[in-house]
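Summary of structural features
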Amino acid sequence: MNKEQIIRKLNLQPHPEGGYYYETYKSSETTHNGRLLYTSIYFLLEAGNISHFHRIDSDELWYYQGGDSLTVHMIHPNGQYEAVKLGLDVENGEVPQFLVPKNTIFASSVEDENAWSFVGCMVSPGFTFEGFELFTKDELKKEYPHLVSVIDKYALTTIEKR
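Throughout what follows, the structure given in this document is the object of discussion. What you see is a predicted model; the values in this text were computed from it and never measured. (Residues numbered from 1 in each chain as written. Predicted model: local features only at pLDDT ≥ 70, side-chain atom pairs only at ≥ 80, totals over all residues. Heavy atoms only, no water.)

**Description of the overall build of the chain**
Basically, it comes down to this: Here a strand is any run of E in DSSP of at least two residues, a helix any run of H or I of at least four, and the numbering for each starts at the N terminus. Atoms considered for the radius of gyration are the C-alpha atoms alone. The globule rule reads 2.2 Å times the number of residues to the power 0.38. Using a 1.4 Å probe on the protein chains alone, a residue whose accessible area is under 20% of its type maximum counts as buried, one over 50% counts as exposed, and one in between counts as partly exposed. Should any heavy atoms of two residues lie within 4.5 Å, those residues are considered in contact. The Shrake-Rupley method, run with a 1.4 Å probe sphere, supplies the accessible areas, and residue values consider only the shown protein chains as cover. Counting rule applied: Lys, Arg positive; Asp, Glu negative; His and chain ends not counted. Note on charges: their place is set at NZ of Lys, CZ of Arg, CG of Asp or CD of Glu.
Each helix and strand counted, the chain has three helices and eleven strands in total. The order of α-helices and β-strands along the chain, N terminus first, is α-β-β-β-β-β-β-β-β-β-β-β-α-α. Relative to the 2.2 N^0.38 estimate, which gives 15 Å for 162 residues, the radius of gyration of the chain is 15 Å and therefore close to what a compact globule would have. C-alpha atoms of the chain, sized along the principal axes, occupy 45 × 40 × 35 Å. Here the chain holds 162 residues, and the buried ones make up 48% of them. When contacts within the chain are restricted to residue pairs at least 6 apart in sequence, those whose partners lie at least 24 apart make up 68%. Per element, the accessible surface of the chain, about 9,000 Å² overall, is 47% carbon and sulfur. Taken as two groups, the 14 positive and 23 negative side-chain charges of the chain have centres that lie 6 Å from each other.

Here it is in C-alpha cells:
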C-alpha cells in the first residue's frame with residue numbers, strides 16, 4: 001500500500017503537531033485518579049510534514065509498522081538531545097520500537113525526499129490534550145540555546161490558537 005491508501009483506508013486525520021493519526025484504542029480501565037490507563041493511535045508522517053516539538057505528561061511507546069524509517073528527536077529534561085531511528089534496519093542502528101519518557105520534548109520526521117513512515121503509538125496513562133504542549137522556536141531557544149540548529153528544524157515559528 002502507498003501512503004494515500006493508508007490515510008484513506010484507516011481514516012487518518014491531520015494531527016495538530018503534524019502528520020496524520022487515528023485513535024485506535026482507549027482503555028476501558030482507568031488509573032486511581034480517573035485517567036484512562038492507555039490510549040493508542042496510528043500515526044503517519046511524510047517528507048515535509050514533520051511532527052513538531054511537543055511534550056506530553058505520559059510515556060509514549062512507538063512501534064514501527066511500515067514505509068521508511070522515522071526519526072524521533074528528543075530534548076530530555078536535562079537538555080540533552082537524542083535522535084532515535086524507528087525501522088527494521090537493526091544492523092544499522094534502527095529499532096522497531098522505542099519509549100519516549102514522559103515530560104521529554106520530542107518531534108519526529110522522515111528525512112528522505114518522498115519518504116513516509118507508518119507507526120503506532122501507545123500512551124500510558126492515556127493521552128489527553130490537557131497534558132499536551134506545543135512549543136515555538138523562541139520558547140525552546142531560551143531554554144536550550146545549545147540546540148538552536150535542531151530547534152530551527154523541528155519547532156514551529158508560531159502556534160495557531162484553536
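**Examining the packing of aromatic side chains**
Heads up, the rule is: The aromatic pairing rule takes the rings of Phe, Tyr and Trp, using the six-membered ring of Trp, and pairs them if the centres are within 6.5 Å, calling planes under 30 degrees apart stacked, those over 60 edge-to-face and the rest tilted.
Across all of its chains, the model carries seven aromatic pairs by this definition. Taking 5.4 Å as the distance between ring centres and 40° as the angle between the ring planes, the aromatic pair formed by Y42 and F118 counts as tilted. Highlighted residues: Y42 in strand β3 (residues 39-46) and F118 in strand β10 (residues 116-124), separated in sequence by 76 residues. We classify Y42 as partly exposed; its relative accessible area is 25%. The interplanar angle of 90° and the centroid separation of 6.3 Å between the aromatic rings of F53 and Y154 together place this pair among those described as edge-to-face. Placement of the pair is F53 in strand β4 (residues 51-56) and Y154 in helix α3 (residues 148-154), with a sequence separation of 101 residues. The pair F53 / Y154 is uniform in exposure class, with both members buried.

**Digging into the side chain of S108**
One can find S108 in strand β9 (residues 105-109). The class of S108 is buried, set by a relative accessible area of 0%. The residues contacting S108, other than those within four sequence positions of it, are F43, L45, I50, S51, W62, L70, T71, V72 and H73.

**A few points about the sheet that holds strand β2 (residues 20-26)**
To keep it simple, the criterion reads: Strand pairing requires that DSSP identify at least two bridges connecting the strands.
Pairing within the open sheet is antiparallel, and its six strands lie in the order β1-β2-β3-β10-β5-β8. Bordering the open sheet on either side are β1 (13-14) and β8 (97-100), each of which pairs with just one other strand.

**Quick look at the side chain of H52**
With respect to the helices and strands, the residue H52 is situated in strand β4. For H52, a relative accessible area of 18% gives the class buried.

The values reported here are purely geometric and, on their own, carry no functional implication.
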